[in-house]
Amino acid sequence: MRRTAMHALLLALSIAAVALAAQSVHESPPNAPSSGRLVPAAEPGEPLTVSGVVVDTNGTPVAGASLYVYQTDREGYYGVKPASDNRNPRLKLYLRSDAKGAWSFQTIRPGSYPNSRIPGHIHFEVSAPGRASKIFEIVFEGDPNVTDRMRSDPAFSVRPVEKNGQVTERIVMR
């Protein structure tokens with residue numbers, strides 16, 4: 001009986017370790033810029049400019065925060081069609097927030113996964129020394145696949161797209 005309990009505990013710890021490893025974030029190079037282009041200039045799709053700030057819970061800017069962002073193309077593929085591996089996305093960018101916590105990038109509106117009810121989204125992995133990492137997705141207001149659950153789940157940020165293609169996000173690090 002004691003041996004069974006020990007095996008169960010070891011199994012639970014192994015599963016927890018795998019889950020934590022899956023949540024580890026990609027780290028931007030120390031000299032990564034605070035702004036950039038996530039997609040090639042000729043990438044087809046609706047242009048977007050995504051920008052924002054990284055702040056702490058008091059609203060103080062977090063300089064040098066690492067941001068790794070990635071997304072699908074307008075047809076919902078992470079790789080060159082028909083490949084779609086989100087572990088090796090074609091459209092990705094590494095950034096660091098500037099002295100005021102600001103960051104920005106040019107991209108296109110991502111598409112939903114083919115034959116799915118998943119809204120188009122942009123993945124964010126954000127980290128800063130001494131702070132808990134934050135992993136979330138921006139989904140877009142007006143997308144018919146955005147659910148009420150997404151609106152209340154911190155793993156999602158439902159953002160409007162302004163007429164000029166501007167999307168703004170405030171990232172609060174704890």
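Residues numbered from 1 in each chain as written. Predicted model: local features only at pLDDT ≥ 70, side-chain atom pairs only at ≥ 80, totals over all residues. Heavy atoms only, no water.

Q: Explain the nonpolar core to me, please; I cannot follow it from the model alone.
A: One broad trend across soluble globular proteins is that nonpolar side chains are buried collectively. Ranked by internal contacts, the top residues of the largest apolar core, which has 25 residues, are V50, V54, L67, W103, F105, F124 and I171. Within the residue set of this core, elements represented by two or more residues are β2 (47-56), β3 (66-71), β4 (91-96), β5 (102-108), β6 (121-127), β7 (134-140) and β9 (166-173). By size, the runner-up hydrophobic cluster in this structure holds 5 residues, among which are V139, V146, M150 and V158. (Core = buried A, V, L, I, M, F, W, Y, C linked by side-chain atoms within 4.5 Å. Buried < 20%, exposed > 50% of the residue type's maximum accessible area, 1.4 Å probe, protein only. Helix = DSSP H or I, 4+ residues; strand = E, 2+ residues; numbered from the N terminus.)

Q: It is not clear to me how the pairing of β6 should be interpreted in this structure. Could you clarify?
A: Note on strand geometry: in a regular strand, side chains alternate between the two faces of the sheet. Where burial is concerned, most of β6 is hidden: 7 out of the 7 residues are buried. Note that β3 and β6 share 6 bridges and pair antiparallel. Within β6, the position partnered with Q71 by the bridge is I122. Here β6 runs beside β7; their pairing, made up of 6 bridges, is antiparallel. Each residue of the ladder has a partner; that of H123, found in β7, is E137. Linking β6 to β7, which pair antiparallel, is a turn of 6 residues; within it G130 sits at a positive phi near 80°. (Pairing = 2+ DSSP bridges.)

Q: I keep staring at the pattern of salt bridges and nothing clicks. Help me out?
A: Pairs can form between side chains of opposite charge once their charged atoms are near each other. The tally for this structure, following the rule as stated, stands at 9 salt bridges. Salt-bridge contacts for R96 lead to E27; the nearest nitrogen and oxygen are separated by 2.8 Å. In this pair, R96 sits in strand β4 while E27 sits in the loop between α1 (2-22) and β1 (35-37), placing the two residues 69 residues apart along the sequence. Across the salt bridge formed by D73 and R90, the nearest N and O atoms sit 3.9 Å from each other. You can see D73 sitting in the loop between β3 and β4 and its partner R90 sitting in the loop between β3 and β4, a full 17 residues away along the chain. What you see here is one network of salt bridges that share partners, running through E43, D73 and R90. (Salt bridge = Lys/Arg side-chain N within 4 Å of Asp/Glu carboxyl O.)

Q: Got a minute to help me understand the sheet that holds β1 in this structure?
A: For sheets, the rule is that strands pair by backbone hydrogen bonds, running either parallel or antiparallel. Ordered in space as β1-β5-β2-β9, the 4 strands form an open sheet in which the pairing is mixed. Of all the strands in the sheet, the pair left with one neighbour each is β1 and β9. On average, each strand axis in the sheet is tilted by 20° relative to the strand beside it, whichever way the strands run. Two strands pair when backbone bridges link them, and β2 and β9 are joined in this way by 8 bridges, in the parallel orientation. Its bridge partner being in β9, V55 is matched across the sheet by V172. (Axes fitted to C-alpha atoms, helices over the stretch in contact; angles between N-to-C directions.)

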